[in-house]
Amino acid sequence: MNSIHDFILDSIKEEPIGETVHFVWYITDIGIAALFKENKIFEIYNSNVKKEARNISLDISKEEKEYCEIEDKKLFIFYS
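Definitions and limits used
Residues numbered from 1 in each chain as written. Predicted model: local features only at pLDDT ≥ 70, side-chain atom pairs only at ≥ 80, totals over all residues. Heavy atoms only, no water. Helix = DSSP H or I, 4+ residues; strand = E, 2+ residues; numbered from the N terminus. Rg over C-alpha atoms; globule rule 2.2 N^0.38 Å. Buried < 20%, exposed > 50% of the residue type's maximum accessible area, 1.4 Å probe, protein only. Contact = heavy atoms within 4.5 Å. Areas by Shrake-Rupley, 256 points an atom, 1.4 Å probe, with all protein chains shown as cover. Lys, Arg positive; Asp, Glu negative; His and termini not counted. Charge placed at Lys NZ, Arg CZ, Asp CG, Glu CD. Patch = residues over 30% accessible without salt bridge, like charges linked within 9 Å, V, L, I, M, F, W, Y side chains within 5 Å. Salt bridge = Lys/Arg side-chain N within 4 Å of Asp/Glu carboxyl O. Core = buried A, V, L, I, M, F, W, Y, C linked by side-chain atoms within 4.5 Å. Phe/Tyr/Trp six-rings, centres within 6.5 Å; stacked < 30°, edge-to-face > 60°.

1. Considerations on the overall build of the chain
Counting its regular elements, the chain contains 2 helices and 5 strands. If you list the helices and strands of the chain from N to C, you get α-β-β-β-α-β-β. Against the globule reference of 12 Å for 80 residues, the chain gives a C-alpha radius of gyration of 12 Å, in line with a compact fold. Considering only C-alpha atoms, the chain reaches an extent of 30 × 25 × 25 Å along its principal axes. In the chain, which comprises 80 residues, the proportion classed as buried is 39%. Of the contacts made within the chain by residues no fewer than 6 positions apart, 43% connect residues no fewer than 24 positions apart. Put simply, the chain shows about 5,100 Å² of open surface, and 47% of that area lies on carbon and sulfur atoms. Charge centroids of the chain, computed over 10 positive and 16 negative side chains, lie 8 Å from each other.

Here it is in structure tokens:
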């Protein structure tokens, strides 16, 4: 496992900054992580992530988005 994955895994052990229908949201050393709550079709998560971020007052519209699978966890990372 690489060090970026280690940073992310350590961060999602901390208290989340919010929770929405499809995601649990965390601050990481890299950026914002949106951890998938369930194992639904990727397109469902991809189409809802920006709307759900706004629901908890996060503006990720100008951030880069990257999909990650680390161990058994699926998430989006948003960073500048």
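2. Focus on a positive patch on the surface
A surface patch of like charges, here positive, comprises Lys 50, Lys 51, Arg 54 and Lys 65. Relative to the helices and strands, Lys 65 is located in strand S4 (residues 64-70). Here Lys 65 falls in the partly exposed class, since its relative accessible area comes to 35%.

3. Brief notes about the nonpolar core
Counting residues in hydrophobic clusters, the biggest one holds 12 residues: Phe 23, Trp 25, Ile 32, Ala 34, Phe 36, Tyr 45, Val 49, Ala 53, Leu 58, Ile 60, Phe 76 and Phe 78. Those elements giving two or more residues to this core turn out to be strand S2 (23-27), strand S3 (32-36), helix H2 (42-55) and strand S5 (73-79). Residue contacts for Phe 76: discarding those within four places in its chain leaves Phe 23, Ile 32, Ala 33, Ala 34, Phe 36, Phe 42, Tyr 45, Asn 46, Val 49, Lys 65, Glu 66 and Tyr 67.

4. Looking at the packing of aromatic side chains
When we look at a pair of aromatic rings, we describe it by the centre distance and by the angle of the planes. Per the stated rule, a full pass over the model turns up 12 aromatic pairs. On the numbers, 5.6 Å between centres and 55 degrees between planes, the contact of Phe 23 with Trp 25 is tilted. Relative to Tyr 67, the ring of Phe 42 has its centre 5.0 Å away and its plane inclined at 80 degrees; by these criteria the two rings are edge-to-face. Residue Phe 42 is located in helix H2, and its partner Tyr 67 is located in strand S4; the two are separated by 25 residues in the primary sequence. What makes Tyr 67 partly exposed here is its relative accessible area of 31%. A connected cluster of aromatic rings, assembled from ring pairs, spans Phe 23, Trp 25, Phe 36, Phe 42, Tyr 45, Tyr 67, Phe 76 and Phe 78.

5. Observations regarding the side chain of His 22
Inspection of the secondary structure puts His 22 in the loop between strand S1 (18-19) and S2. Owing to a relative accessible area of 12%, His 22 belongs among the buried residues under this scheme. When residues no more than four places from it in sequence are discounted, the contact partners of His 22 are Leu 35, Phe 36, Lys 37, Lys 40, Ile 44, Tyr 45, Asn 48 and Glu 52.

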